[in-house]
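The lines below spell out each chain.
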Amino acid sequence: MDEGDYGADYQARHNAEAVSRHRSRMELAAGAAGSEVCEECGDEIPAARRAAMPGCSLCVACMTDIEKRRGVG
Ligand SMILES: [Zn+2]
């Protein structure tokens, strides 16, 4: 076997492992992110927000509204 081929093969396998690890972590995060739409108003929750706040099920507007109401008590 050529040394270059071996290196490329190792690199390809290493990359595939990294990608599959990354993908399963993303799927885990997506599963933990809960609802894709806001429980309150039914608006779509942006993927970036769901990724930043795993488990959140409210859009920014409703979350702010509820926090405000809670704050006033
Ligand atoms: Zn909402």
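Thresholds, definitions, all that
Residues numbered from 1 in each chain as written. Predicted model: local features only at pLDDT ≥ 70, side-chain atom pairs only at ≥ 80, totals over all residues. Helix = DSSP H or I, 4+ residues; strand = E, 2+ residues; numbered from the N terminus. Contact = placed C-beta atoms within 7 Å. Buried ≥ 20, exposed ≤ 12 C-beta atoms within 10 Å, placed from the backbone. pLDDT = per-residue confidence, 0-100.

**Thoughts on the overall build of the protein chain**
- Summing up its helical and strand segments, the protein chain has three helices and zero strands in all.
- Within the protein chain, residue pairs in contact and separated by at least 24 positions form 6% of the contacts whose partners lie at least 6 positions apart.

**Notes on the environment of L58**
- Topologically, L58 is positioned in the loop between helix 2 (47-52) and helix 3 (60-72).
- Judged by local crowding, L58 falls into the buried class, with 22 C-beta atoms found within 10 Å.
- Between the C-alpha atoms of L58 and E36, which are 22 residues apart in sequence, the distance is 9.1 Å.
- In contact with L58, not counting residues within four places along its chain, are C38, E39, E40, M63 and I66.

**Description of the environment of D43**
- Mapped onto the fold, D43 is located in the loop between helix 1 (3-32) and helix 2.
- Separated by 18 residues in the primary sequence, D43 and A61 place their C-alpha atoms 9.7 Å from one another.

**Examining the confidence of the model for the protein chain**
- The predicted model of the protein chain averages 79 in pLDDT, with 74% of residues at 70 or higher.
- Here helix 1 is the element of the protein chain with the lowest mean pLDDT, 70, and helix 3 is the one with the highest, 89.

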